[in-house]
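# Commentary on secondary and tertiary structure
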Amino acid sequence: MGRLSRLLRRLAPPPRVVDWAILAVVAGVVATGLLAWTGWLPPALLVDLHGIVGLTLAGLLLFKFARVSRRVLDRDRWDRATPVSVLLGVVAVAALASGAFWGLGGNVPVGPWTTLAVHVGLGLLVVPILLLHLRARLRLPARTDASRRSALRLGGLLVAGTIAWRLSEAAASLRGTTIADTGSKPTGELYDTDTEGGAFPVTSWVADDPEPIDRSDWTLTVAGPAGEREITYGELLGLAGDGRRATLDCTSGWYTVQDWEGVRVGALFEAAGVDGGGARWVRFVSVTGYRWSLPIEEARDALLSTAIDGSRLPHGHGGPARLVAPGRRGFQWVKWVERVELRREPDPAQWLVTLLSGFD
Ligand SMILES: Nc1nc2c(c(=O)[nH]1)N[C@H]1C(S)=C(S)[C@@H](COP(=O)(O)O)O[C@H]1N2
Ligand SMILES: [Mo]
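Treat the numbers as computed from the prediction; the structure is a model and nothing was measured.

### Points about the packing of helix α3 (residues 43-73) against helix α6 (residues 148-174)
Pairs of packed helices are described in terms of their axes, by the angle between the two and the distance that separates them. Where α3 contacts α6, the two axes come as close as 8 Å, and the packing angle between them is 125°. With respect to each other, α3 and α6 are oriented oblique. As for the relative orientation of α3 and α6, their crossing is right-handed in sense. Counting all contacts with α3, which are made through V47, D48, G51, I52, L55, T56, G59, L60 and F63, the residues of α6 involved are L154, L157, L158, G161, T162, A164, W165, R166 and E169.

Written out as structure tokens, the structure is:
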């Protein structure tokens, strides 16, 4: 231990360089993680970047811990800010470890949370603790810190991070783990279910949990700029003749490939006679208020699903009707849809609504 930390201290760039590199890398790892996880940007490249930057962060933290370990282990040298710093170190290590464990094919669920969900939670928790730590410890960089030597060492660390990421991918595939571009694994690997067809988990993004819907009472409102129309369940079934094999990919880290049947949303607009009017977005609204909008071209081609694998869509999976939006993350596949609206504007409040829906 003593020898390792001496070696690390010799290899390390100057303290402030390490600290500012850590800050930059944490910003990068949080940004790539969030963008990939929410599906904001296509995840394939982002998840790779997230892994590489995360492993680079692990290397930087070794330098940092070697530098501060003596000060932290000696209780006499603690000050008021030390507990926050120690907590930050623990949470950051836990976030890195859970991410690496998931990426290598591991999963130890904690209650309803997969290791990926735990990883996301810990990663987000790093942000406020880091801000507290910075409030007490931030030192502005000095000119003398910048050097070719430091730049080379940081570059070397990034290369090492990239190699480590490739190795971890190879290790995961040797273990037979399949990980999608989104970072998700097939349901069969996490639960006692099949990956293609068959049962798959019933999930809510946060707290949505409506009572089962009486199909004889339920109507679907299809609204456009020029007016709206109500469609009964029977009428909707009469329109349903389309099918789509599509992957439902939940942010908690699983995906399943299913055969969905229902109405193409474009056909729904034609049948309801509400198309046009300069609309550019389509908003899908659940009986709970939960909602998501898709650009109109994408929406026309999406499916309002009433059945899965030849059987009526069960309540848990969003019956009477749910959005099937191929290529979108699971949380955007609105369940229990009761209103489909053509709109001119996007709907930024949807991000908040999906998080709060279900809390009364
Ligand atoms: N109205 C509503 N739709 C919703 C959700 C929700 O909480 N409320 N959860 C979403 C999430 S996070 C996922 S992964 C899928 C889950 O679909 P499933 O329960 O059929 O597996 O539904 C999505 N649709
Ligand atoms: Mo989800």
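### Considerations on the pairing of strand β5 (residues 254-264)
Within β5, eight of the eleven residues are buried, which leaves it mostly tucked inside the rest of the structure. Across two bridges, the pairing between strand β1 (residues 185-186) and β5 is parallel. Paired with P186 across the bridge in β5 is Y255. Judged from the nine bridges that link them, strand β4 (residues 242-250) and β5 form a sheet pairing that is antiparallel. By the bridge assignment for β5, R244 is matched with W260. A loop of three residues connects β4 with β5, the two strands running antiparallel in sequence, and G253 in this loop sits at a positive phi of about 115°.

### With respect to the packing of aromatic side chains
For the coordinates displayed, the defined rule picks out ten aromatic pairs. Seen in terms of ring centroids, W40 and W351 are 5.2 Å apart; in terms of plane orientation they differ by 20°. Their pairing is stacked. Here the residue W40 occupies a position in the loop between α2 (15-37) and α3, and W351 occupies one in helix α11 (residues 350-356), the gap between them amounting to 311 residues. A relative accessible area of 56% means that W40 is categorised as exposed. Between W218 and Y233, the ring centres sit 6.1 Å apart and the planes meet at 80°, which makes this aromatic pair edge-to-face. With W218 in the loop between α7 (187-190) and β2 (219-224) and Y233 in helix α8 (residues 233-239), this residue pair connects regions lying 15 residues apart in the sequence. Three or more aromatic residues link up through ring pairs in this structure, and these residues are W37, W40, W205, W292, F331 and W351. When the ring centre of W78 is taken as origin, the NZ or CZ atom of R75, which lies over that ring, is 4.3 Å away.

Thresholds, definitions, all that
Residues numbered from 1 in each chain as written. Chains lettered and ligands numbered in written order. Predicted model: local features only at pLDDT ≥ 70, side-chain atom pairs only at ≥ 80, totals over all residues. Heavy atoms only, no water. Axes fitted to C-alpha atoms, helices over the stretch in contact; angles between N-to-C directions. Helix = DSSP H or I, 4+ residues; strand = E, 2+ residues; numbered from the N terminus. Parallel < 35°, antiparallel > 145°, perpendicular 65-115°, else oblique. Left-handed = near helix turned anticlockwise from the far one by under 90°. Contact = heavy atoms within 4.5 Å. Buried < 20%, exposed > 50% of the residue type's maximum accessible area, 1.4 Å probe, protein only. Pairing = 2+ DSSP bridges. Phe/Tyr/Trp six-rings, centres within 6.5 Å; stacked < 30°, edge-to-face > 60°. Lys NZ or Arg CZ within 6 Å of the ring centre and 35° of its normal.

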